[in-house]
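Below are the chains, spelled out letter by letter.
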Amino acid sequence: MKTSDFDYHLPPEAIAQHPGTRGGSRLLVVGHGIAERRFGDLADLLDAGDLLVVNDTRVIPARLRARRATGGKVEILLVERAAPADWWCLLRPGRRMDPGARLFLDGGPAAQVEDRAAGRFRLRFEEPLHPRLEAIGEVPLPPYIERPPTSEDRDRYQTVYAKQPGAVAAPTAGLHFTPDLLETLERRGVGLAGITLHVGPGTFRPVKTEDPETHVMDSELFDVPAATAAAVADTRRRGGRVVAVGTTVVRTLETVASGGGLIEAGAGRTELFIRPGYEFRATDRLITNFHLPRSTLLMLVCAFAGHKRVLDAYRQAVAAGFRFYSYGDAMLVDRMR
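None of the values given here were measured: they were computed from a predicted structure.

*Asks:* I keep staring at the packing of aromatic side chains and nothing clicks. Help me out?
*Replies:* Describing an aromatic ring pair means giving the distance of the ring centres and the angle of the ring planes. For the structure shown, the criterion picks out 13 aromatic pairs. Measuring from centroid to centroid gives 5.1 Å for Phe 39 and Phe 177, while their planes differ by 90°, and the two rings are edge-to-face. Remark: Phe 177 occurs in the loop between β11 (164-167) and α4 (179-187) and Phe 39 occurs in the loop between β2 (34-38) and α1 (42-45); sequence separation between them is 138 residues. Here Phe 39 matches Phe 177 in class, with each residue buried. Seen in terms of ring centroids, Phe 290 and Tyr 314 are 5.2 Å apart; in terms of plane orientation they differ by 70°. Their pairing is edge-to-face. One end of the pair, Phe 290, is in the loop between β18 (285-289) and α7 (296-305); the other, Tyr 314, is in helix α8 (residues 307-319), and 24 residues separate them in sequence. There is no split in this pair, since Phe 290 and Tyr 314 are both buried. Through successive ring pairs, a cluster of aromatic residues spans Tyr 8, Tyr 144, Phe 290, Tyr 314, Phe 322, Phe 324 and Tyr 325. The cationic tip of Arg 26 hangs over the ring face of Phe 322; the distance from NZ or CZ to the ring centre is 3.9 Å. Over the aromatic face of Phe 273 sits the side chain of Arg 275, whose NZ or CZ is 4.4 Å from the ring centroid.

Below is the structure:
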């Protein structure tokens, strides 16, 4: 298996630069065949007794603007809070940012570089950031959205069920759901349970080496409530299917899978890298967006549904004018048995 096996041609105009109407996206259904539907049809594609598992992480306004003491501009991307006033961050540019360097936030407190490791910097701010983030931070749109964030992104780059602040990228499969659709699914007997995985920037990073085995996944925080583990167990007893909303949910469920399709509650970190050859233990169906070439996310989907079948579906989606990436359309994928 080579990283180039997960490449495909995508015209630049297929990359969604703006969100569509929430719930109005197209849906490519990949099972025994490939069918084109609307995301609003999801209630007709799931069965009573199935369980939707969603990621309830909430995206924080993690992109900050700052200046060096010399006046040079620096962009800060918050990655993970280490203490109320300490954050691990990405800096651009990051050269010559040694411990002791000072940064002055636009509209916010000053910070000092305390440490650097593996391309990340630990900044200590003069005061805790959380009370100020909504005022001074920007929505951390991914780099393939080639425009500044707007006020619309504050709402649309967030799921309707987001609760737990901590992500610096959205669990994008969940962006399609509306409260009305969730109510319709509940009325039809589809259950809903949540996990939390705080999505980091590494989730969307392409694999740069030709041998995927050498790629190192970023570690991300997760939490699986006892109620979700119980809901999965109840779904198994009744013969229902566990439907993961997004690759972040798949990685979390598979991290805590305990055998027999069950999962264990708990919190921790995961670096799980799912690629072809992986044997899934806890996930039956997957709702997901269309992912970057050569990415760990595309490898996960290929592992789940079959390499050829997924890339055939991607080619059909390109030909049919589907929208790709974070603000794009979605797929409903059955696990290859």
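*Asks:* Where do I start with the sheet that holds β2 in this structure?
*Replies:* Where strands meet in a sheet, backbone hydrogen bonds hold them as pairs that are either parallel or antiparallel. Read across the open sheet, the nine strands follow the order β2-β1-β19-β18-β14-β3-β12-β13-β17; overall the sheet is mixed. What marks the edges here is a single partner per strand, and that holds for β2 and β17 (266-270). Averaged over all adjacent pairs, the angle separating strand axes in this sheet is 25°, with direction ignored. The strands touched by α7 are β18 and β19 (330-334); relative to β18, the strand with the most contacts, the crossing angle is about 150°.

*Asks:* Which parts of the structure should I look at to understand the side chain of His 198?
*Replies:* Mapping His 198 onto the fold places it in the loop between β12 (191-197) and β13 (220-224). In contact with His 198, other than residues within four places in its own chain, are Thr 57, Gln 164, Pro 165, Gly 166, Ala 167, Glu 220 and Leu 221.

*Asks:* Help me understand the packing of α7 against α8 in this model?
*Replies:* Between two packed helices, both the angle of their axes relative to each other and the distance between the axes serve to describe the pair. For the pair α7 and α8, interaxial distance at closest approach is 7 Å and the crossing angle is 120°. Overall, the two elements α7 and α8 adopt an arrangement that is oblique. Along its contact with α7, which presents Leu 298, Val 301, Cys 302 and Ala 305, the element α8 presents His 307, Arg 309, Val 310, Leu 311 and Tyr 314.

*Asks:* Whenever I open this one, the sheet that holds strand β10 (residues 120-125) confuses me. Can you help?
*Replies:* On the basis of which strands lie adjacent, the closed barrel formed by six strands has the order β5-β6-β7-β10-β9-β8 and antiparallel pairing. Each adjacent strand pair in this sheet contributes to an overall mean axis angle of 45°, direction not counted. Bridge analysis of strand β5 (residues 63-68) against strand β6 (residues 73-83) gives five bridges, and the strand direction is antiparallel. Bridge assignment links Ala 66 to a residue of β6, and that residue is Val 74.

Rules used throughout
Each chain has its residues counted from 1, following the order in which its sequence is written. Only residues with pLDDT of at least 70 are given local features in this predicted model, and only at 80 or more are side-chain atom pairs given and counted; all residues enter the totals for whole chains, interfaces and linings. Here the side-chain values reflect all heavy atoms present in the structure, with hydrogen atoms and water set aside. Each Phe, Tyr or Trp ring, with Trp reduced to its six-membered ring, pairs with another whose centre is within 6.5 Å; inter-plane angles below 30 degrees give stacked pairs, above 60 give edge-to-face pairs, and intermediate values give tilted ones. Secondary structure elements follow DSSP: runs of H or I no shorter than four residues count as helices, runs of E no shorter than two count as strands, and numbering proceeds from the N terminus. Per-residue accessibility, obtained with a 1.4 Å probe over protein chains only, is compared with the maximum for each type, and a residue is labelled buried under 20%, exposed over 50%, and partly exposed between these values. A ring has a charge above it when a Lys NZ or an Arg CZ is no more than 6 Å from the ring centre and no more than 35 degrees off the ring normal. The pairing criterion for strands is at least two bridges between them, as found by DSSP. In this analysis, axes come from line fits to C-alpha atoms, helices being fitted only over the stretch in contact, and the angle between any two N-to-C directions falls in the range 0 to 180 degrees. Every residue pair with non-hydrogen atoms within 4.5 Å of one another is taken to be in contact. Throughout, the term roughly parallel applies to angles under 35 degrees, roughly antiparallel to angles over 145, roughly perpendicular to angles from 65 to 115, and oblique to all others.

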